[in-house]
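Breakdown of the fold
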Amino acid sequence: MPVDPEAVEKWYWRLNDECERMAERISWAGSPEKTADMLFDKLGLDPLKVTDAGHLSVDKNVLREYGDVEVVKLLLAWRSKSKLKSTYVEPLRGKEWVHATYNIHGAGTGRLSCSDPNMQNFPWEMMDLFKAPEGMVFVTVDASQLELRVQAAVAQDTRMMEVFRSNGDIHDATRQALGLPNDAKSRTRAKVWNFSILYGAEDRSISELTGEPIDRVAVLARRIRQAYPNVIQWQHNQMRFAAENGYVEMWNGRRRYGINPRTKHGRNQAVNSPIQGVAGDFGKLAIIDTAAWKPRAQRHDEVSVLVPEREALGVKEDMIKKLEWEMDGVPIKWEGVVSKTWRKPKE
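Heads up: these notes are all about the structure in this document. On a predicted model such as this, the values are computed, not experimentally measured, just so you know.

1. Describing helix α2 (residues 32–42)
Those residues of α2 lying buried are Thr35, Ala36, Met38, Leu39 and Phe40. Down the axis, α2 shows its buried residues gathered within 165° of arc, on one side only. Counted as exposed and oriented over 90 degrees from the buried face of α2: Glu33, Lys34, Asp41 and Lys42. Turning to α2, the residues buried within the fold contact α3 (60–64) and α4 (70–89). Just downstream of α2, Gly44 is the residue with a positive phi angle, here 80°.

2. So, the packing of aromatic side chains
For the structure on display, the rule yields nine aromatic pairs. Seen from their ring centres, Phe122 and Phe130 are 5.1 Å apart, and the 75° between their planes marks the pair as edge-to-face. Residue Phe122 is classed as buried on the basis of its relative accessible area of 1%. Overall, Phe130 belongs to the buried group, its relative accessible area being 0%. With a centroid separation of 5.3 Å and 20° between ring planes, the pair formed by Phe282 and Trp325 is classed as stacked. With a gap of 43 residues between them, Phe282 in helix α12 (residues 264–289) and Trp325 in strand β8 (residues 325–327) connect regions that are remote in the sequence. Three or more aromatic residues link up through ring pairs in this structure, and these residues are Tyr88, Phe122, Phe130 and Trp342. Here Arg93 stacks its cationic end above the ring of Tyr12, 3.7 Å away from the centre of that ring.

Calculation criteria
Residues numbered from 1 in each chain as written. Predicted model: local features only at pLDDT ≥ 70, side-chain atom pairs only at ≥ 80, totals over all residues. Heavy atoms only, no water. Buried < 20%, exposed > 50% of the residue type's maximum accessible area, 1.4 Å probe, protein only. Helix = DSSP H or I, 4+ residues; strand = E, 2+ residues; numbered from the N terminus. Arc of directions from axis to C-beta. Contact = heavy atoms within 4.5 Å. Phe/Tyr/Trp six-rings, centres within 6.5 Å; stacked < 30°, edge-to-face > 60°. Lys NZ or Arg CZ within 6 Å of the ring centre and 35° of its normal.

Right under this line is the structure:
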């Protein structure tokens with residue numbers, strides 16, 4: 001991938017200055033022991049967790065419990081900025097190209113993992129650190145709502161399948177099923193519900209995620225189950241199968257072993273692994289099917305190539321046409337964008 005050295009330096013010094021300003025106020029932030037001493041001994045906050053080594057924990061989950069304490073807010077911000085600088089910016093300094101490593105066995109779900117650097121976790125706002133050389137542009141194709149389409153196909157849920165076949169909006173369809181107002185905020189809430197169902201989230205988890213009272217969540221959950229009954233039945237079948245066999249099976253026959261649906265984590269794995277696994281396989285197939293354009297990066301459900309600017313629109317259309325697939329009656333739809341940097345517009 002081509003790096004923009006000027007953009008890298010701007011990001012580096014901006015983050016460096018911000019971290020130094022914050023560190024002047026919390027000079028102890030880099031030491032877990034000193035941080036624990038400051039928070040629990042001097043400020044009097046209650047310890048919530050002990051590490052395996054017997055020390056008081058100051059990990060981000062503990063700190064978030066004290067998110068209204070000003071010094072904790074500052075500490076979390078310092079950690080966030082420091083991680084951005086050390087993980088994503090510093091490794092790019094002095095480089096014009098990077099050559100990441102993709103691993104087909106790195107994730108239990110079957111998705112690709114990436115390292116040196118991890119291109120898949122690059123924050124959206126920092127993807128402009130990668131800029132096409134003069135006369136070249138990025139063409140990025142993205143599988144639209146891939147995991148939800150896979151869910152519709154494996155469950156053969158009539159309502160979901162009809163939305164995708166008619167090129168409809170699955171989040172708006174869920175908004176209507178939930179009985180929410182027709183506005184952007186309600187569509188966003190419906191999107192949260194769609195992915196909560198996809199990951200097999202329980203009512204209490206959804207309540208914590210959305211901030212809605214548990215009794216309200218229970219009402220909406222009943223509406224979701226009525227709207228997508230085949231999805232719910234498929235999830236029950238998956239958990240039953242995993243309990244009996246100790247594994248789940250993907251649409252293409254690949255298996256993931258070691259699933260125990262008697263635990264919350266195991267239940268999530270039982271319903272989500274077959275979805276993530278197939279979505280990951282589609283990502284790998286996309287790299288294979290676009291090999292003629294020499295893919296430069298694969299991120300989530302996207303594939304990016306680098307082509308001459310004059311050929312970009314034609315390449316985009318050719319890639320989308322090449323990736324026109326169908327999964328048990330559900331179309332797998334791809335969308336494409338052309339951009340000078342790797343960053344593409346958000347939805």
